[in-house]
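Examining the three-dimensional arrangement
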Amino acid sequence: MHTPARLLAGAVLLAGLFFAAGAATAQDGSGQGPGDGYANVAGGAYSIVAEVRAKPGKEAELRAITLPLIDLVRGDPANLVYFLQENRESPGHFIFYEIFANEADFEAHNAMPYVQDWFARLPELADGGVKVMRMEVLVPDGN
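This report concerns the structure included in the present document. From a predicted model like this one, the values you see are computed outputs, not experimental measurements. (Residues numbered from 1 in each chain as written. Predicted model: local features only at pLDDT ≥ 70, side-chain atom pairs only at ≥ 80, totals over all residues. Heavy atoms only, no water.)

Tallying each qualifying case throughout the model produces 7 salt bridges. With its nearest N and O atoms 2.7 Å apart, the salt bridge here joins Glu-86 to Arg-63. Taken together, the positions of Glu-86 in strand E2 (residues 79-86) and Arg-63 in helix H2 (residues 59-66) put the pair 23 residues apart, joining distant regions of the chain. Note that Arg-134 and Glu-103 form a salt bridge whose closest N and O atoms lie 3.9 Å from each other. A residue pair is termed long-range when its members are at least 10 positions apart, and Arg-134 in strand E4 (residues 126-136) and Glu-103 in helix H4 (residues 103-110) qualify at 31 residues. Overall, the relative accessible area of 42% leaves Glu-103 in the partly exposed class. Among the charged side chains, a salt-bridge network with shared partners connects Lys-58, Glu-61, Arg-121 and Glu-124. (Salt bridge = Lys/Arg side-chain N within 4 Å of Asp/Glu carboxyl O. Helix = DSSP H or I, 4+ residues; strand = E, 2+ residues; numbered from the N terminus. Buried < 20%, exposed > 50% of the residue type's maximum accessible area, 1.4 Å probe, protein only.)

Looking now at the pairing of strand E1 (residues 46-54). Across the 9 residues that make up E1, a large majority, 8, are buried. The pairing of E1 with strand E3 (residues 93-100) spans 8 bridges and is classified as antiparallel. Directly across from Val-52, in E3, lies its bridge partner Phe-94. Two elements, E1 and E4, share 8 bridges in a ladder whose sense is antiparallel. Across the sheet, residue Ala-50 finds its bridge partner in E4, namely Val-132. (Pairing = 2+ DSSP bridges.)

Counting 22 residues, the largest nonpolar core has Val-52, Leu-62, Leu-69, Tyr-82, Phe-96 and Trp-118 as its most contacted members. Contributing elements (two or more residues each) for this core: E1, H2, helix H3 (69-74), E2, E3 and helix H5 (113-125). Apart from residues no more than four positions distant in its own chain, Leu-69 is found in contact with Arg-74, Tyr-82, Phe-96, Tyr-114 and Trp-118. (Core = buried A, V, L, I, M, F, W, Y, C linked by side-chain atoms within 4.5 Å. Contact = heavy atoms within 4.5 Å.)

Right, let's talk about the pairing of E3 for a bit. Burial analysis of E3 places 8 of its 8 residues in the buried class, which makes it a mostly covered element. Relative to E3, E2 runs antiparallel, the two sharing 7 bridges. Note that in E3 the partner of Gln-85 across the bridge is Ile-95. If you look at the hairpin formed by E2 and E3, you'll find 6 residues sitting between the two strands, and Gly-92 has a positive phi there, around 95°.

Next up on the list: the sheet that holds E1. Pairing between sheet strands relies on hydrogen bonds along the backbone, with the strands arranged either parallel or antiparallel. Pairing within the open sheet is antiparallel, and its 4 strands lie in the order E2-E3-E1-E4. Each edge of the open sheet carries a strand with a single partner, namely E2 and E4. The mean angle between the axes of side-by-side strands here comes to 15°, regardless of whether they run parallel or antiparallel. H2 contacts E1, E2 and E3 of the sheet and is inclined by roughly 150° relative to E1. Across the sheet, H5 lies against E1, E3 and E4, angled at about 135° from E4, the strand it touches most. (Axes fitted to C-alpha atoms, helices over the stretch in contact; angles between N-to-C directions.)

Laid out in structure tokens, this is it:
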């Protein structure tokens, strides 16, 4: 059973990987050090953990229309973080982890034609549509 708690746990692990990637950039001569990626995401940022499952037999088709979103969303200047994941044990089960500065930026993202085109394909490919958890990024006081 995939509960909101399991989705959240996956998102937390993914966020850690994202910010750890910032540490790796320190070795590329950029001058960034471990944890510098955290500075790109302020407390209160608008975070999304979303889940979609392919209908039986539609896994490859849903994957094919979903993969292009990675470059499109990451190319949006309002997007701070975007990861698409697929469950290794259940192909066609996708988790999205996204961060925008605020809700308005997220809603503008959802209004983009490529996002609307993706949503329009879901009734034929997805089992039950998209489940979304709207989250707030928390940081310790003083950060």
